[in-house]
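Coordinate inspection notes
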Amino acid sequence: MTFRDVTIKNFKRNVRNFSSYFMCSAFAITIFFLYASLLFNNSVREGTAEDVIRIVLILSLVALTLFSVFFINYAHSSFIKSRSKEFAIFMSLGMHKNDLQKLILLENLIISASSLVAGIITGAVFSRLFQNIAIDLLDLKEVSYSLSAASFVVTAVVFTVIFAASQLISSVKVGKLDIADLMKDSRTQDNHAKKNDTILGLAGVGLVVASILFLVLISNHESLNTNPFMIISYILMSFTGIYMVIAHLGNTLIRFLKNKKFYYRHLLSITEINHKFNQNKRVMFILSILSGVTIFLAASPFSLLQLSESIAERNKYDIKYISVTGVHTLESGQLEQLMKQSTEPLKSITETSFLNLRMNLEGDKYDVLKSKPIISQDKYNSLTGEKVTVGVGEALNIITAWEPGSHGIDPGAAIEFTDGTQTFDFKVKSSYHGDWFATASSYPTSSGIVISNEDYKDMAAKVDGGAIGTHYGINFTDWKGTEGIVQRLKDTLQATDKDGSGQWFAVSSKIDAYKELKKNYSLFVFITSLVGVLFFVAGGMVLYFKQYTEIGNAIVFFRKLYKIGISDREIRTVVSAELLITFFVPLLLGSLFGYSFIYLVTHVMSGSDILGEFMKNTTIVIAIYFLFQLSFYIITKRKYVQEVVRKLTSAS
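Everything in this summary refers to the structure shown in the same document. Here the structure is a predicted model, which is why all the values come from computation and not from measurement.

1. Overview of the overall build of the protein
- When helices and strands are tallied, the protein shows 23 helices and nine strands.
- Each of the 652 residues in the protein was classed as buried or not, and the buried ones make up 49%.
- The long-range share in the protein, meaning contacts at least 24 apart out of those at least 6 apart in sequence, stands at 84%.
- Of the roughly 30,600 Å² of accessible surface on the protein, 61% is carried by carbon and sulfur atoms.

2. Details of the pattern of salt bridges
- Scanning all chains against the criterion turns up nine salt bridges.
- For the salt bridge of Lys 515 with Glu 483, the shortest nitrogen-to-oxygen distance reads 2.9 Å. Here Glu 483 lies in helix H19 (residues 483-496) and Lys 515 lies in helix H20 (residues 510-549), a separation of 32 residues in the sequence.
- Residue class for Lys 515 comes out partly exposed when judged on its relative accessible area of 41%.

3. Digging into the nonpolar core
- Core analysis: the biggest nonpolar cluster contains 31 residues, and Ile 218, Tyr 234, Ile 242, Ile 246, Ile 311 and Leu 600 have the highest contact counts within it.
- Among the elements of the structure, helix H9 (197-219), helix H11 (228-257), helix H14 (281-306), helix H15 (308-312), H20, helix H22 (568-604) and helix H23 (611-651) are those that each provide at least two residues to this core.
- If one sorts the elements of this core by residue count, H22 sits on top with eight residues.
- Each residue touching Ile 242, except ones within four places of it in the same chain, is listed here: Val 208, Phe 285, Leu 589, Leu 592 and Phe 593.
- Judged by nonpolar contacts, the second largest core, of 29 residues, contains Phe 32, Tyr 35, Ile 72 and Phe 526.

4. So, the packing of H14 against H22
- For the pair H14 and H22, the least separation of the axes is 7 Å and the interaxial angle reads 45°. Compared by their axis directions, H14 and H22 come out oblique. Crossing handedness for the pair H14 and H22: right-handed.
- Looking at the contact of H14 with H22, its residues break down into 15 nonpolar, eight polar and no charged.

5. Quick look at helix H7 (residues 149-175)
- Helix length check: H7 (27 residues) gives 39 Å between terminal C-alpha atoms against 39 Å at 1.5 Å per residue, within 8%.
- Of the residues making up H7, those classed as buried are Ser 151, Thr 155, Phe 159, Ile 162, Phe 163, Ser 166, Gln 167, Ser 170, Ser 171 and Val 174.
- Two or three places before Ala 150, at the start of H7, stands the capping residue Ser 148, its side-chain oxygen 3.1 Å from that residue's backbone nitrogen.

6. A word on the pairing of strand S3 (residues 371-376)
- Among the six residues that make up S3, six are buried, leaving the element largely enclosed by the rest of the structure.
- Judged by which residues are buried, S3 turns out to be covered on both faces: Ser 371, Pro 373 and Ile 375 on one side and Lys 372, Ile 374 and Ser 376 on the other are all buried.
- Pairing between strand S2 (residues 346-359) and S3: four bridges, direction antiparallel. Each residue of the ladder has a partner; that of Arg 358, found in S3, is Ser 371.
- Across three bridges, S3 lies against strand S7 (residues 447-451) in parallel orientation.

7. Quick notes on the packing of aromatic side chains
- According to the stated counting rule, one finds 17 aromatic pairs in the structure shown.
- Between the aromatic rings of Trp 479 and Tyr 514, the centroid separation amounts to 5.8 Å while the plane-to-plane angle is 70°, which identifies the pairing as edge-to-face. Separated by 35 residues along the polypeptide, Trp 479 in the loop between strand S8 (468-476) and H19 and Tyr 514 in helix H20 bring together distant segments of the chain.
- On the basis of relative accessibility, which here comes to 6%, the residue Trp 479 falls in the buried class.
- Looking at Tyr 514, the relative accessible area reads 23%, which means it is partly exposed.
- Judged by centre distance (5.9 Å) and plane angle (65°), the rings of Phe 583 and Tyr 633 are edge-to-face. Of this pair, Phe 583 sits in helix H22 while Tyr 633 is found in helix H23, placing the two residues 50 residues apart along the sequence.
- Note on Phe 583: relative accessible area 1%, which makes it buried.

8. Here we look at a nonpolar patch on the surface
- Taken together, the side chains of Val 117, Ile 121, Val 125, Phe 126, Leu 129 and Ile 133 make up a nonpolar region of the molecular surface, amounting to roughly 570 Å² of accessible area.
- With respect to the secondary-structure elements, Val 117 resides in helix H6 (residues 97-138).
- Of the residues examined, Val 117 reaches a relative accessible area of 47% and is grouped as partly exposed.

9. Describing the environment of Gly 326
- Following the sequence through the fold, Gly 326 ends up in the loop between strand S1 (319-323) and helix H16 (334-339).
- Gly 326 gets classed as exposed once you look at its relative accessible area, which sits at 57%.
- Remark: the alpha-carbon pair of Gly 326 and Thr 496, spanning 170 residues in sequence, is separated by 9.4 Å.

10. Side note on the side chain of Ser 342
- Here Ser 342 lies in the loop between H16 and S2.
- Of the residues examined, Ser 342 reaches a relative accessible area of 13% and is grouped as buried.
- There is a polar contact of 3.0 Å between the side chain of Ser 342 and the backbone nitrogen of Glu 344.
- If sequence neighbours within four positions are ignored, Ser 342 has contacts with Phe 476 and Ile 485.

11. A word on unusual backbone geometry
- One non-glycine residue, Lys 370, lies in the positive phi region at around 55°.
- Note on placement: Lys 370 falls in the loop between S2 and S3.
- Classification of Lys 370 as partly exposed rests on a relative accessible area of 29%.
- The residue His 407 is not glycine, and still its phi comes out positive at about 60°.
- Counting through the fold element by element, His 407 comes out in the loop between strand S4 (394-399) and strand S5 (414-418).
- The class for His 407 is buried, based on a relative accessible area of 9%.

12. A look at the environment of Phe 593
- Within the secondary structure layout, Phe 593 lies in helix H22.
- Note on Phe 593: relative accessible area 3%, which makes it buried.
- For the pair formed by Phe 593 and Gly 292, sequence separation is 301 residues and the distance between their alpha carbons is 5.0 Å.
- Not counting chain neighbours up to four residues away, the residues in contact with Phe 593 comprise Ser 238, Phe 239, Ile 242, Ser 288, Ile 289 and Gly 292.

13. Here we look at the pairing of S2
- With nine bridges joining them, S2 and S8 adopt antiparallel strand pairing. Bridge pairing links Leu 355 to Ile 468 in S8.
- Relative to S5, S2 runs antiparallel, the two being bridged by two bridges. If you follow Arg 358 over to S5, its bridge partner there is Thr 418.

Cut-offs and rules
- Residues numbered from 1 in each chain as written.
- Predicted model: local features only at pLDDT ≥ 70, side-chain atom pairs only at ≥ 80, totals over all residues.
- Heavy atoms only, no water.
- Helix = DSSP H or I, 4+ residues; strand = E, 2+ residues; numbered from the N terminus.
- Buried < 20%, exposed > 50% of the residue type's maximum accessible area, 1.4 Å probe, protein only.
- Contact = heavy atoms within 4.5 Å.
- Areas by Shrake-Rupley, 256 points an atom, 1.4 Å probe, with all protein chains shown as cover.
- Salt bridge = Lys/Arg side-chain N within 4 Å of Asp/Glu carboxyl O.
- Core = buried A, V, L, I, M, F, W, Y, C linked by side-chain atoms within 4.5 Å.
- Axes fitted to C-alpha atoms, helices over the stretch in contact; angles between N-to-C directions.
- Parallel < 35°, antiparallel > 145°, perpendicular 65-115°, else oblique.
- Left-handed = near helix turned anticlockwise from the far one by under 90°.
- Nonpolar A, V, L, I, M, F, W, Y, C, P; charged D, E, K, R; others polar.
- Expected span 1.5 Å × (residues − 1).
- Polar contact = N/O pair within 3.5 Å; in protein donor to acceptor, adjacent residues only side chain to side chain.
- Pairing = 2+ DSSP bridges.
- Phe/Tyr/Trp six-rings, centres within 6.5 Å; stacked < 30°, edge-to-face > 60°.
- Patch = residues over 30% accessible without salt bridge, like charges linked within 9 Å, V, L, I, M, F, W, Y side chains within 5 Å.

Here it is as structure tokens:
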């Protein structure tokens, strides 16, 4: 038999595993190509589309690349481990390690090349549909379908490098193989109980509980949830606790159950499940994280999309704009007359005066004018319902931007305001996220300043009249029907601005915010849905590979039990319980990760008031995930049991 014959027969023998690996690799390449085709679309690349689209697409491609590195390397490693006896026989018959490396190289070349070609062709076929859906869904008026050569090149280069790196790792592992180690590899036991398993298992449970309490603590304190060290500490604590639970809790529970009747009634199932737990603990840990990321990616944008209306309604006024320094100035009664032309009945027009002064601090990216709106303590409390107190010479910095942090205005800092003639010095008493009478969309700032009544009265009397501004807040009976009047107001105000300075003080409205939120969240749902599907399929494929690469050892184990009288029904029961644990424990732990990440991010982004809705939508996503996983489990269990029983009965 020639080397070529060995390669062909070996490939046919492992065609089931290779076909699964091929399909998942081709699927990953297809999704990568679809995103790459949109990223390298001529209109997007030339900058006519929004920056957020390019950023999200780039992040998606990075996530897909990292995932592909893990998945493809895992598949290669699984194949080598599952074929340890086969390699040992080849080596005992005189095959050199170099020949094994050539064998693996040829196999991987076939799979890599075929999956790359299939993935790119499939991606090219569906790219028009993908781009057209994205363009219509995201309302990208200046973007049209195009297929750039760059998408082909980038996809081919990225996956060629990934396949080459995986092949290199496989070659190194094969070069270190030893016949004796290979022959006993399948008999290596991973479920020996150790003396410290009980302590480590209970410590793992303690760490998980402690991480949840720590999460609640840091999430509800802005100074902590914006601290990278605290967030990293939480992640490390939770990941360590989960891994210790997976690695040691099984042996811990067995120690407590050993003298119970339940243990002896289900001895075979319990010991086999514990063996699989110990054998697959690294994979189950990775799958737990993968499930958590999938839930987070799916639940976050889905929740935001569902909550677009609620988030838009967090604005106090249906329409609002700023009039200051001669910008957006209308004649007396003109605004009310204009608003009454709306199809929706006008409810109220609220006018709030404030001081608009330049500051000496750098501020934030939102502070394009390097100025701040300033109001008095009593006016702030009246507008927001708060009960803040500010001393003379103190300034309270109320952050309106959604990003965490103090945005360049730190507590204790000396801040100076001026109208160009008069200068006023204050010390920042505190800086935190809170309610305000305007948003960054109507006034380009990351925050507003509250000062004492005495200081405000003194400043208002001394500053130039052009430094006194007015905020107009307009409400209707139904904001959803205000699109027409919003546009009419924008046109009217634009006509009054002679020098174009009105661009810094845009008209803000609930209807515009709602449309923008729907558009951006639709983008995230669209982008993350396919990534989530890929992660879900990948998790299933990892479980599939794990089961079928170890089916040989399972058959040897059950064959011994078969000879002493174990029935087919008992085998099915053991296999079902084993697969049930393997499939759903990572999902349960991943759900814990998903809920935790949602909880943390919601508080970091100052969205604690909509946490309940987030958690409800996350639960819906998890329920759907469980249904998909259940169907995958049923299919895998049926095929796996049939294969085991078939080989046992045929051998007997």
